[in-house]
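Close look at the chain arrangement
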Amino acid sequence: MDFVNQLVNFAKRNMKKEFKRQVTVYGDYFKKFKRTLSQQTIKKIYQVLVYIMTLDVIPQTYMKSISGVPGLFEIRVEDQGNIYRIFCCMDEGNLVILFNGFQKKTQKTPRKEIETAKRIMKEYFSNKKKAEDHG
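Keep in mind the model is a prediction, meaning the values are calculated, not measured.

Comments concerning the nonpolar core
- In this structure, Phe33, Ile45, Leu49, Ile52, Ile75, Ile86 and Leu98 are the most contacted members of the largest nonpolar core, which totals 22 residues.
- Elements supplying a minimum of two residues to this core: helix H2 (29–34), helix H3 (39–54), strand S3 (72–79), strand S4 (82–91) and strand S5 (95–104).
- No other element matches H3, which puts 8 residues into this core.
- Those residues in contact with Ile45 that lie beyond four places of it in its chain are Phe30, Phe33, Leu37, Val77 and Ile86.
- Val69, Leu72, Ile97 and Ile114 belong to the second largest nonpolar core, which has 15 residues in total.

Following this line, the structure appears as structure tokens:
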């Protein structure tokens, strides 16, 4: 089952709220990250994604903009004392696009991870524009 279906099924089982946003993935970046995680951590990530999908206003506890990089956000997840970050952007107002993720081991988000996310975001919008131009 693909990620989006897994997430929607999780949300339906665990919440009775209306969706404000959709969440989807771009490329294999999130899938590769997810493979490194325990089932418990994946469940915690899904819980945070459900909050992002259903809350009118998303608290910075769960999603925060990356300063100095317009349009780039990090989804923030803590599980059993470990801190995880998943980069994403918004598209067309209510669509959250997931990119790469990592386990945070220092106070500051590593520059390399931010640069990777910037590259992926640029690639996403470039490919979307190409598809629209040829569609």
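From this point, things continue past the structure.
What to know about the pairing of S5
- Burial analysis of S5 places 9 of its 10 residues in the buried class, which makes it a mostly covered element.
- Alignment of strand S1 (residues 22–25) against S5, held across 4 bridges, turns out to be parallel. Bridge pairing in S5 links Val25 to Leu98.
- Where S4 meets S5, 8 bridges bridge the pair, whose relative direction is antiparallel. Note that in S5 the partner of Tyr84 across the bridge is Gln103.

Side note on the sheet that holds S5
- Pairing is mixed in the open sheet, where 5 strands are placed in the order S1-S5-S4-S3-S2. Two strands in the sheet have a free side with no partner beyond their single neighbour: S1 and strand S2 (63–65). The mean inter-strand angle of the sheet, taken between neighbouring strand axes irrespective of direction, is 35°.
- Packed onto the sheet, H3 meets S1, S2, S3, S4 and S5 and runs at close to 135° relative to S3.
- With respect to the sheet, helix H4 (residues 111–134) is in contact with S3, S4 and S5, its orientation differing from that of S5 by roughly 160°.

As for H4
- Under the 1.5 Å per step criterion, the end-to-end length of H4 is 35 Å for 24 residues, consistent within 8% with the ideal 34 Å.
- Those residues of H4 not exposed but buried are Glu113, Ile114, Ala117, Ile120, Met121, Tyr124 and Lys128.
- The secondary structure elements touched by the buried residues of H4 are H2, S3, S4 and S5.

Examining unusual backbone geometry
- Backbone geometry at Gln80 places phi at a positive 50°, although glycine is not the residue there.
- Positionally, Gln80 belongs in the loop between S3 and S4.

Structural notes on the pattern of salt bridges
- Applying the stated criterion across every chain yields a total of 11 salt bridges.
- For Lys129, the salt bridge goes to Asp133, with nearest N and O atoms at 3.2 Å. You can see Lys129 and its partner Asp133 sitting in helix H4, 4 residues apart, about one turn around the helix. A single burial state applies to Lys129 and to Asp133, both of which are exposed.
- Where salt bridges share partners, they join Asp91, Glu92, Lys128 and Glu132 into one cluster.

Here we look at H3
- Taking 1.5 Å per residue, 16 residues should reach 22 Å; H3 reaches 22 Å between its end C-alpha atoms and fits that length.
- Looking only at H3, the buried set comprises Thr41, Ile42, Ile45, Tyr46, Val48, Leu49, Val50, Ile52, Met53 and Thr54.

Some thoughts on the state of the cysteines
- Using the criterion set out here, one finds 0 disulfides in the structure.
- Sulfur of Cys88: no disulfide; nearest cysteine sulfur belongs to Cys89 and is 7.0 Å away.
- Under the relative-accessibility criterion, Cys88 is labelled buried at 0%.
- The class for Cys89 is buried, based on a relative accessible area of 0%.

Parameters at a glance
Residues numbered from 1 in each chain as written. Predicted model: local features only at pLDDT ≥ 70, side-chain atom pairs only at ≥ 80, totals over all residues. Heavy atoms only, no water. Core = buried A, V, L, I, M, F, W, Y, C linked by side-chain atoms within 4.5 Å. Buried < 20%, exposed > 50% of the residue type's maximum accessible area, 1.4 Å probe, protein only. Helix = DSSP H or I, 4+ residues; strand = E, 2+ residues; numbered from the N terminus. Contact = heavy atoms within 4.5 Å. Pairing = 2+ DSSP bridges. Axes fitted to C-alpha atoms, helices over the stretch in contact; angles between N-to-C directions. Expected span 1.5 Å × (residues − 1). Salt bridge = Lys/Arg side-chain N within 4 Å of Asp/Glu carboxyl O. Disulfide = S-S within 2.5 Å.

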